[in-house]
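Listed here are the chains, written in short residue letters.
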Amino acid sequence: MLRAALLLSVLLTTAVSPVLGASGPAVWSSRVFRTVDGLPSSVVNAITQDADGLLWVATDAGLARFDGAQFTPWGRYGEPMLPAVDVEAVLGASDGTLWVGLARGLCRIVRTAVTCEDAFARAYITALIEDRDHAVWVGTTRGLARHAAGQWQEYGPDQGVPAPVSVSAVVAGEDGSVWVASTAGVLRRPPGAQRFTTVSTEAAPSVLPLEGARFLVAEPSIGVKLVDPEVPSASRVVSHVHAVKLAKGPEGTTWVGTIDQGLQVTSRSQGAGVDQLERRQAREGEGAGAGEDRRADADQRRVVDQLDRAGPAQRGQEQAGEVAVAGDPEAAAH
């Protein structure tokens, strides 16, 4: 239920977040989809887009595709059934394959043909990503594996991955690196390397690579932490929220999904802390002077208050069996 609450929180809060001054982001619109619209369940674990542009939604009651108008549950038209209904992860790979991670198994879908991997028959799949070289990485509650050129490779101590380990997220860096958030901490595989290096020993639910070896890590009890392995003294907490999910946004923004504080949209510049930078941008949008500064601070507090209040509202919508898809009205007009 936690993942569903997070997803609903992210999408719905995005739709209602106010604008920070004239130079702030555009107001977003949203549409709510319910189980009566064909969504198998209100518990949504993952979303991906395939090579044909279709959206696939993983829920705890099955897989569904969305063509822009309606949801169609997998199996409605006689497609082969998956070995489990609880879909935890889904990936639309560049070669057209749809990878489906289950609470008990891993399958590949090509058109309507389903092939399941015997080696993962009892595995609980937690993450699926494709890296820059088109290799597919699979995270499970028991470890990490990679599929490339038709071959599987399991990653363990010989490759720098502690065992046993439960993987919560795998992220492909723009530079070709691969990052893993796990119960053993944050692991990084540099571009071209064969081994992972442990860059943080604190258990982490999510990680977001920055430039070089620097990264942001979500630590629910602490917040969002900026870590620089090369300069440990520079590591610091940049946002004090109950963070569990991190995603890269446009124009240098970072989207932070929280347990009970809605969605935080943050920015950074020249190493400035996230919160401090947002307040400075608000002031610049309002103009100079002490009065303007106070009004900008009040606006910032109202934004944070609204995000904080979003949590209970999202939980109520989740119980009603709803999911929201948010979009930028300006982008939709083009």
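Okay, so let's go over this structure. In this text the structure is predicted, and so the values were computed from the model without any measurement. (Residues numbered from 1 in each chain as written. Predicted model: local features only at pLDDT ≥ 70, side-chain atom pairs only at ≥ 80, totals over all residues. Heavy atoms only, no water.)

Moving on, we come to the overall build of the protein chain. Check the secondary structure of the protein chain and you find four helices and 25 strands. Burial statistics for the protein chain: of 334 residues in total, 47% are counted as buried. A fraction of 42% describes how many contacts in the protein chain between residues 6 or more apart in sequence connect residues 24 or more apart. Of the roughly 16100 Å² of accessible surface on the protein chain, a fraction of 51% belongs to carbon and sulfur atoms. (Helix = DSSP H or I, 4+ residues; strand = E, 2+ residues; numbered from the N terminus. Buried < 20%, exposed > 50% of the residue type's maximum accessible area, 1.4 Å probe, protein only. Contact = heavy atoms within 4.5 Å. Areas by Shrake-Rupley, 256 points an atom, 1.4 Å probe, with all protein chains shown as cover.)

Take the side chain of Thr59 next. With respect to the helices, strands and loops of the structure, Thr59 is situated in strand β3 (residues 55-59). Polar side-chain contacts of Thr59 include one of 3.0 Å to the backbone nitrogen of Ala61. Look past the residues within four positions of Thr59 in its chain and what remains in contact with it is Pro40, Ser41, Val43, Val44, Asn45, Val85, Asp86 and Val87. (Polar contact = N/O pair within 3.5 Å; in protein donor to acceptor, adjacent residues only side chain to side chain.)

Glancing now at the nonpolar core. Core analysis: the largest hydrophobic core is formed by 15 residues, its most contacted members being Trp137, Leu144, Tyr155, Val161, Val170, Val180 and Phe196. Taken together, the elements giving at least two residues each to this core come down to β10 (125-130), β14 (167-172) and β15 (178-182). Of all hydrophobic cores here, the second largest spans 14 residues; its members include Trp56, Leu98, Leu102 and Cys107. (Core = buried A, V, L, I, M, F, W, Y, C linked by side-chain atoms within 4.5 Å.)

Once that is clear, we can look at the sheet that holds strand β7 (residues 98-102). In spatial order, the strands read β6-β7-β8-β9; together these four strands make up an open sheet with antiparallel pairing. Strands with a single pairing partner mark the edges of an open sheet, and in this sheet they are β6 (87-92) and β9 (113-116). Here the average twist between neighbouring strands, direction ignored, is 20°. Note: β6 against β7, five bridges, orientation antiparallel. Paired with Ala89 across the two strands is Gly101, which belongs to β7. (Pairing = 2+ DSSP bridges. Axes fitted to C-alpha atoms, helices over the stretch in contact; angles between N-to-C directions.)

This paragraph deals with the state of the cysteines. Counted according to the given criterion, the structure contains one disulfide. One disulfide bridge connects Cys107 with Cys116, the sulfur atoms lying 2.2 Å from each other. The S-S bond linking Cys107 to Cys116 shows a torsion near 85°; that makes this disulfide right-handed. By relative accessible area, Cys107 is classed as buried at 0%. (Disulfide = S-S within 2.5 Å.)

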